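In case you want the letters, here they are:
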6 protein chains.
Amino acid sequence: MKILLVNPNSTASMTETARLAALRVVAPGTEILARTVSTAPVSIEGHADEARAVPGMLEVICAAEAEGARATVLACFDDPGLGAAREVAAGPVIGIAQAAIQVAVTLSARFSIITTLPRSVPIIEDLVDHYGAGRQCRKVRSVDLPVLDLEEHPERAYAKLRDEVLVAAREDGAEAIVLGCAGMAEMCGRLEEETGLPVIDGVVAAVKLAEALAGAGYRTSKVSSYAWPRVKG
Amino acid sequence: MKILLVNPNSTASMTETARLAALRVVAPGTEILARTVSTAPVSIEGHADEARAVPGMLEVICAAEAEGARATVLACFDDPGLGAAREVAAGPVIGIAQAAIQVAVTLSARFSIITTLPRSVPIIEDLVDHYGAGRQCRKVRSVDLPVLDLEEHPERAYAKLRDEVLVAAREDGAEAIVLGCAGMAEMCGRLEEETGLPVIDGVVAAVKLAEALAGAGYRTSKVSSYAWPRVKG
Amino acid sequence: MKILLVNPNSTASMTETARLAALRVVAPGTEILARTVSTAPVSIEGHADEARAVPGMLEVICAAEAEGARATVLACFDDPGLGAAREVAAGPVIGIAQAAIQVAVTLSARFSIITTLPRSVPIIEDLVDHYGAGRQCRKVRSVDLPVLDLEEHPERAYAKLRDEVLVAAREDGAEAIVLGCAGMAEMCGRLEEETGLPVIDGVVAAVKLAEALAGAGYRTSKVSSYAWPRVKG
Amino acid sequence: MKILLVNPNSTASMTETARLAALRVVAPGTEILARTVSTAPVSIEGHADEARAVPGMLEVICAAEAEGARATVLACFDDPGLGAAREVAAGPVIGIAQAAIQVAVTLSARFSIITTLPRSVPIIEDLVDHYGAGRQCRKVRSVDLPVLDLEEHPERAYAKLRDEVLVAAREDGAEAIVLGCAGMAEMCGRLEEETGLPVIDGVVAAVKLAEALAGAGYRTSKVSSYAWPRVKG
Amino acid sequence: MKILLVNPNSTASMTETARLAALRVVAPGTEILARTVSTAPVSIEGHADEARAVPGMLEVICAAEAEGARATVLACFDDPGLGAAREVAAGPVIGIAQAAIQVAVTLSARFSIITTLPRSVPIIEDLVDHYGAGRQCRKVRSVDLPVLDLEEHPERAYAKLRDEVLVAAREDGAEAIVLGCAGMAEMCGRLEEETGLPVIDGVVAAVKLAEALAGAGYRTSKVSSYAWPRVKG
Amino acid sequence: MKILLVNPNSTASMTETARLAALRVVAPGTEILARTVSTAPVSIEGHADEARAVPGMLEVICAAEAEGARATVLACFDDPGLGAAREVAAGPVIGIAQAAIQVAVTLSARFSIITTLPRSVPIIEDLVDHYGAGRQCRKVRSVDLPVLDLEEHPERAYAKLRDEVLVAAREDGAEAIVLGCAGMAEMCGRLEEETGLPVIDGVVAAVKLAEALAGAGYRTSKVSSYAWPRVKG
């Protein structure tokens, strides 16, 4: 089964990080089509970056379904263009924020999310609210680092992340942690080991849900909201 | 991978219906441990039935994990005893209502749920609210039939169900339908064909999510809420 | 008028504490039927304890109504099995959490709740939300003590409780305090005196509401949700 | 025990109706101080009527507490000036809407409210929301009659009310009915008999809760929100 | 004062309709810069259309601010790219949905919205919820017509719209109507006359709010959420 | 265009402060009718003060509309009697809290409010909730000063206010600040300069919105909720 893993920004090394995280958990027979959106900004840090990433992302999705992709994973924690993606796709489309939150509410009663920049906090809070997890999500926290620092200064980023996990455990009563950026995927295991808390990475969560949904034969409803975009004139 | 599929009531034929629905979608290598709670009422129709079913269900879960079950599916749409089950289990525990709702919000923007008895409507509405899908769930409907009529008068039950799906499409603007009772599992495909709407059965949804979560190595957080029950004095 | 005061756990000394708290406030002519659920865990600390307590509690309720009880008070702050109890009872059933919250929103605009173990915090938060007091309840706090410590180490427990009341006043702007465990009933007066805040004990609140509701002739609605459990087959 | 029953409008016959409803349910030893607000409009039908009624109502409350009233019942379903009343009163202040709703959620899982004029519907909906009963209250309905028609054309008013109760049962799935106007108090028993639904009148509910709260010794918290009005310069 | 009025689709005649609506209400001294997004779809009917319109819209905004625009109005009722627009703009950015809703809650206690296609209903419902008007907005309705039919078959569109206004008054208890598409602007006055209900067009509402906000000297906060997009690498 | 600016308390110097704030931003041709409610308390600090201010305020509004006022601004941050004012007025009525919040959500994604006394905090929180800004408003803070201290000890009041703005920025992640008292209007500019945060004063916000709404020809809906008060028998 082919699953599209699309990184909505244009940094190929982040696509590779996500692909490796996915490969560690896929079922036998799953093939990951990892794609970068070459027309997008190098990282998604705010609404304007999102807006500039989405049109190219929609084309990537259409192309991948033409290649046989049965489900799509959007590998950016803002879930940018999720509704639009569902309109252009036949298969299920899974945002990593929505997936990580669905897993978090299954494994715990209260969790916190840790993201990169403070400006992403309200964006993620609004997603949490939109996904109906306002009661279960104790707090959206930030380590105050740009996305690309995760790659450029991985040890400093890791240290700040680990400290924030411990603060979330102590102050929020968090029973699990959700990593609020696709670029944090490979720190997941080490964080879990060093903090003792379950740590959920959205890429892993979304890839497994994509396998599950495609495996069950589910397809995006084409009734009303996610119907194919109307062909004009 | 072994997955426990526990029917919280004591009607073995309903367990078998759920098991067959599960077998149609499991991945290669998944083994379904289908269990009936022999000490429970014959059907779960209200809070008191739930209460009387749960203690036996907890024992079934402990026994199945001792046999190697990696995840648990609760096959009753009230998700009875979900918190208690998560306390006694090491692996993820998936209620069919929570699973079906998670799938429904991924495939559609608005859905309706159809259950058996009117008295179950407020119970399911409260679950929807608890799971944060109040905006996406248009309406919880009932066909006003006891649970066991699904087995005893399947054609009449099917006809009422199909009619209600069509009403939900027309009046609620439902873009997908969730079946609000484990006993409806085998009507799912036919409903989809005859109504043209995506129809989501919780057993299928939950079994696939259970495979996904166990496959990713997720386990129930033992921090605070779902920690093992305290051993007293 | 007979009122059932059922302690859902099996520790008779806690039943006695609750009974004494009730006796201090009952109207002339009220008779308290204090009952312990002998088949239940010794304390209710989490969902599994609740689940194991409820079936026996339902039998106690049926027996007490047969003896003439006109209303029932559930003396555990998790309000375990409240819906089930309402199904099997003819008279009103009052959970001490729901009662204390109803009193708290009448006497104050903002209150905090203080319970025993951290694992009970999310359970009580969900009750607060379910009862619609999310805006008025500032915070659910815990003193991080097992329930039975209230009896075994009463002075230490009292000191922690008093300190937490003062923190709630200072940090939460709490205008009243709700005690989040039936076992705290007898500390209520002293806390009020030493902190200057109104302190609401759920047993007292619930017993008075039970007298009021039974005195007005109210009975549980048998339409739909709380109809008698269906008799099967 | 003296309890103030204040009718915030200036129609003495409505005060008498409320007083008689109260007398049917009071405990031995309860004395009802029934008071009319002579400076108020003849009926409360909208926000401006409320605003013009409240200042006089506050004086009535102060006078009644000076006479020894231990608790106050506001006998208008808009609960006008409830916060202000709590500021000027030492004893508990109970609005009939808040009381009726607290009783309704104890006796049923879903209820509807029926009031007089359509313009009162959004006012009551906002109260329901403020009191946190948005999920339990199915619908606020009106019979489209001015308040005083309840006295002037009682049979016509009764017939419209009874029909609306039946519509609420059928269309809303209401398990109980709350009467949304103090002037409907004496129709309560007959409605219950003729429709088979529990019908809750706010005056009865509030008087019994007032007895309960005063009987337990509860007083309005004077910390912050409901502190005595500040004495200015 | 220059105000940008940007039509996010590429149909110049719709821009002209909006411009004329604006000109009827502007204050002396206000200059409307009406702009069409030439790279966008011909109409915005769903999430994918929105996504494809926004990048070009952001460029239009930057260009207009360079020309001296002091505030921006987004003339599409989905408020597409509102957050992104606020990031790239110095002046206030006003979506016509947010503006119309702000006006509606000031003039009435309950209103309904009427849009074009059914697929836009959930999009607008989510906006209403995001803007916190869920209680005041009774219902989002559609006349089931494509956007461009407003121009191509104006009489048929008008008739369907007028009928839907009357249904909203009768069934929803709507006290005001919000037009849910920029293309309906010129039908506003006639609808008001023929139905007797206040009818709010978002273009008019937003242009007046834009004048007000710019006139008061308000500018978009550049702290955190709407800070300028980060310049990468 | 005449706009009524009514100060609901009886302190004329506060009316003058508000008038001067308004004059700094009005459009050419706007005339401010500044009125004091002579029968009201000297300041509005709690519900009882509000209740005593409103009847006189309604008369001021009626008189000003008779003089030709086209819109009304209520210059007290509790928005006292807003519904009643809308019933007696033909033109739009704008509360300074509602206006400031509407501006705040347009300029920022997250803001905090700073008011005078702690007892006003829950009142304002309830307004925020009623206006649907619960997600955007991070926190309602108080400087713990009586309203009249703003005039009597302006430097001390200013210093406390500035400190609280900085705390809101640091701890709440506030992107803008709303001043929670009409008496703070003239400190607005200095606060903005010294803290670097956008600071929104409700008087300015409301006066500009009043100009906008009256300028567009909007009038209060007289359908249902805000219909003229009923004339009684």
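Since this is a predicted model, take the numbers as computed values, not measurements. (Residues numbered from 1 in each chain as written. Chains lettered and ligands numbered in written order. Predicted model: local features only at pLDDT ≥ 70, side-chain atom pairs only at ≥ 80, totals over all residues. Heavy atoms only, no water.)

Novice: Please explain unusual backbone geometry as it appears in this structure.
Specialist: A negative phi holds for most residues other than glycine; trans holds for most peptide bonds. Of note, the phi angle at B:Asp144 is positive, near 60 degrees, even though the residue is not glycine. Relative to the assigned elements, B:Asp144 resides in the loop between strand S6 (137–142) and helix H6 (149–152). Owing to a relative accessible area of 48%, B:Asp144 belongs among the partly exposed residues under this scheme. Non-glycine residue C:Asp79 carries a positive phi angle of around 45 degrees. Tracing the backbone shows C:Asp79 in the loop between strand S3 (71–74) and helix H3 (82–88). (Helix = DSSP H or I, 4+ residues; strand = E, 2+ residues; numbered from the N terminus. Buried < 20%, exposed > 50% of the residue type's maximum accessible area, 1.4 Å probe, protein only.)

Novice: Quick question: what am I supposed to make of the environment of A:Leu4 here?
Specialist: All names here are of chain A. Relative to the helices and strands, Leu4 resides in strand S1 (residues 2–7). When the C-alpha positions of Leu4 and Val147 are compared, they lie 22 Å apart, and in sequence the two are 143 residues distant. What Leu4 contacts, discounting residues up to four positions off in sequence, is Leu33, Arg35, Val60, Ile61, Ala64, Ala69, Ala71, Thr72 and Val73. (Contact = heavy atoms within 4.5 Å.)

Novice: Explain the packing of aromatic side chains here, please?
Specialist: Pairs of aromatic rings are described using the distance from one ring centre to the other and the angle between the two planes. What the rule picks out here adds up to zero aromatic pairs over all chains. A cation over a ring is seen here: A:Arg190 above A:Tyr158, with NZ or CZ 3.7 Å from the ring centre. (Phe/Tyr/Trp six-rings, centres within 6.5 Å; stacked < 30°, edge-to-face > 60°. Lys NZ or Arg CZ within 6 Å of the ring centre and 35° of its normal.)

Novice: Is there a simple way to explain the interface of chain A and chain B in this structure?
Specialist: Accessible area lost during the coming together of the parts is what is often quoted as the interface size. At the interface, 40 residues of chain A touch 41 residues of chain B. Here chain A meets chain B over a buried area of about 3100 Å², counting both sides, of which 57% is carbon and sulfur. The largest per-residue losses of area from chain A upon contact with chain B belong to A:Thr106, A:Leu107 and A:Tyr218, which jointly make up 21% of the total buried on that side. Put simply, chain A and chain B have zero salt bridges between them. Counting only elements with at least two residues in the side of chain A that touches chain B, the list comes to strand S4 (93–95), helix H4 (96–107), strand S8 (199–201) and helix H9 (202–215) of chain A. (Buried area = accessible area lost by both parts, 1.4 Å probe. Salt bridge = Lys/Arg side-chain N within 4 Å of Asp/Glu carboxyl O.)

Novice: I'm lost on the relation of the copies chain D and chain C in this one. Help?
Specialist: One copy of the chain maps onto the second through a rotation around an axis plus a translation along that axis. Once turned by 180 degrees and shifted 0.0 Å along the axis, chain D lies on chain C with an RMSD of 0.0 Å. A rotation of that kind, with that shift, is consistent with a two-fold axis. Identified as the residue of chain D closest to the rotation axis by C-alpha distance is D:Gly132, at 1.8 Å. Looking at chain D, 100% of its interface residues are interface residues in chain C too, so the copies touch through the same face. (Least-squares fit on C-alpha atoms with pLDDT ≥ 70 in both.)

Novice: So what exactly am I meant to see when it comes to the sheet that holds strand S3 (residues 71–74) of chain F here?
Specialist: Strand pairing within a sheet occurs via backbone hydrogen bonds; the two strands may be parallel or antiparallel. Residues and elements named next belong to chain F. Pairing is parallel across the open sheet formed by four strands, whose spatial order is S2-S1-S3-S4. Lying at the two open borders of the sheet, with one neighbouring strand each, are strand S2 (31–36) and strand S4 (93–95). The sheet shows a mean angle of 20 degrees between the axes of neighbouring strands, direction not considered. The sheet contact formed by strand S1 (residues 2–7) and S2 spans six bridges and is parallel. Along S2, the bridge assignment pairs Asn7 with Thr36. Sheet contacts for helix H2 (residues 47–66): S1, S2 and S3; angle to S1, the most-contacted strand, approximately 165 degrees. (Pairing = 2+ DSSP bridges. Axes fitted to C-alpha atoms, helices over the stretch in contact; angles between N-to-C directions.)

Novice: Even after reading the chapter, I still don't get the confidence of the model for chain A, so can you show me in this structure?
Specialist: When pLDDT is averaged along chain A, the result is 97; 100% of the residues meet or exceed 70. Both confidence scores are given for the complex: pTM 0.98, ipTM 0.97. (pLDDT = per-residue confidence, 0-100.)

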